[in-house]
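Summary of the model geometry
Take a look at the letters that make up each chain.
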Amino acid sequence: MSKNELIQEFNDASQVLLHAQDLSPQNKAAEKAVLSLIDMCIENSEFVAEQSQQMSEHDLLSLRRAFLEADCEMEKYWSEKIIQSVGEDEALSWDNFGIYPWFQDYPALYDFEKRAIEKTLGPITEDTTITYFGSGALPIIPLMLALETGCRIKCVDINDGAVALSTELIDKMKLSDKISVHKGDGISIPEDHNKPDLLFLANAPLSVEDALNNMLPAMQPKVIFARSSAGGTALLYPSISEDAFSKSGYKIDHVAQDHEHGTHTGLVYEQPQIRKPA
Ligand SMILES: C[S@@+](CC[C@H](N)C(=O)[O-])C[C@H]1O[C@@H](n2cnc3c(N)ncnc32)[C@H](O)[C@@H]1O
């Protein structure tokens, strides 16, 4: 694609998302715009970084907000489809997730993030407790963690629809004994969430950094993992700095780079006095 064609496609997709009333995949123009922006971020990350520099701060924030809402609506749309793909009393399995266009990317993301977390926290086991902010209507990473390790996860999402759909999906995956879902805003501590071994921050809640710092002294997770954006996806997803939680006594232990896709990084923070796994 020529540079002019790329600029045209970028501007068209951005305008669709900035002005769309319905950001769900029901709106085919919005769905096409989301897919085209994600493709451009992965395939032409330098071009996207260049274009974002030419945008006003206002438009950049509005585009990111619209994209995150579209991302949330996309998960709700496909979560509903996956739940409806089996009968009322039938259980779900990973086979039913194949209809979700992004499902194939999750196993690599899971391996990348689990390795990054365990490098600091040590092995995730059935005794590990996790609080997961921004789990979404399709909490695929929490499902994979609970299925493989038996760990206990409290998922938190700000969107009512995402909470309702993920609760039903987890129940149909027969994992309600391991994973619970709560409404929350990443700002206030959900009830009985104190001292989890791990606080996992999926992208979206990263935009409330100051509020997270107000919450950390009371929650006191041993380790914090933040999924942050890199390269072209920095346009679409919030990113976070290495010293984001230093005022709450957490220092960066390491930054994991996702070389396969180059679309995001994993920042792992810990409280200095935490003993390193032998
Ligand atoms: C892309 S989705 C979920 C990510 C993906 N399902 C996963 O396994 O990591 C991001 C979710 O973050 C939620 N979210 C955004 N801001 C939030 C906040 N401040 N607190 C909690 N959830 C938030 C949105 O409602 C959305 O459902």
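Residues numbered from 1 in each chain as written. Predicted model: local features only at pLDDT ≥ 70, side-chain atom pairs only at ≥ 80, totals over all residues. Heavy atoms only, no water.

Side chains on a regular strand alternate between the two faces of the sheet. Neither face of strand β4 (residues 198-201) is left uncovered, since the one carrying L198 and F200 and the one carrying L199 and L201 both have all their residues buried. Of the pairings in the sheet, the one linking strand β1 (residues 129-133) to β4 comprises four bridges and is parallel in character. Paired with T131 across the two strands is L199, which belongs to β4. With four bridges connecting them, β4 and strand β5 (residues 223-229) associate as parallel partners. (Buried < 20%, exposed > 50% of the residue type's maximum accessible area, 1.4 Å probe, protein only. Helix = DSSP H or I, 4+ residues; strand = E, 2+ residues; numbered from the N terminus. Pairing = 2+ DSSP bridges.)

A few words on the environment of E242. Examined against the element boundaries, E242 turns out to sit in the loop between β5 and β6 (251-257). Exposure remark for E242: the relative accessible area of 45% places this residue in the partly exposed category. Along the primary structure E242 and F103 are separated by 139 residues, whereas in three dimensions their C-alpha atoms are 29 Å apart. If we ignore the near neighbours within four places in the chain, the residues touching E242 are I252, V255, L267 and Y269. (Contact = heavy atoms within 4.5 Å.)

Close to the ligand lie 22 residues, the nearest being E75, Y132, S135, D157 and R227. In this structure, S135 approaches the ligand through a main-chain N or O atom, which is 2.8 Å from a nitrogen atom. Within the contact set of the ligand, a nitrogen atom lies 3.3 Å away from a backbone nitrogen or oxygen of I158. Within the complex, the protein chains bury 91% of what would otherwise be the 600 Å² of accessible surface of the ligand. Put simply, the parts of the chain that give the shell around the ligand at least two residues each are α4 (57-84) and α6 (140-149). Residue composition of the shell around the ligand, grouped by class: eleven nonpolar, six polar and five charged. (Near = heavy atom within 4 Å. Polar contact = N/O pair within 3.5 Å; in protein donor to acceptor, adjacent residues only side chain to side chain. Areas by Shrake-Rupley, 256 points an atom, 1.4 Å probe, with all protein chains shown as cover. Nonpolar A, V, L, I, M, F, W, Y, C, P; charged D, E, K, R; others polar.)

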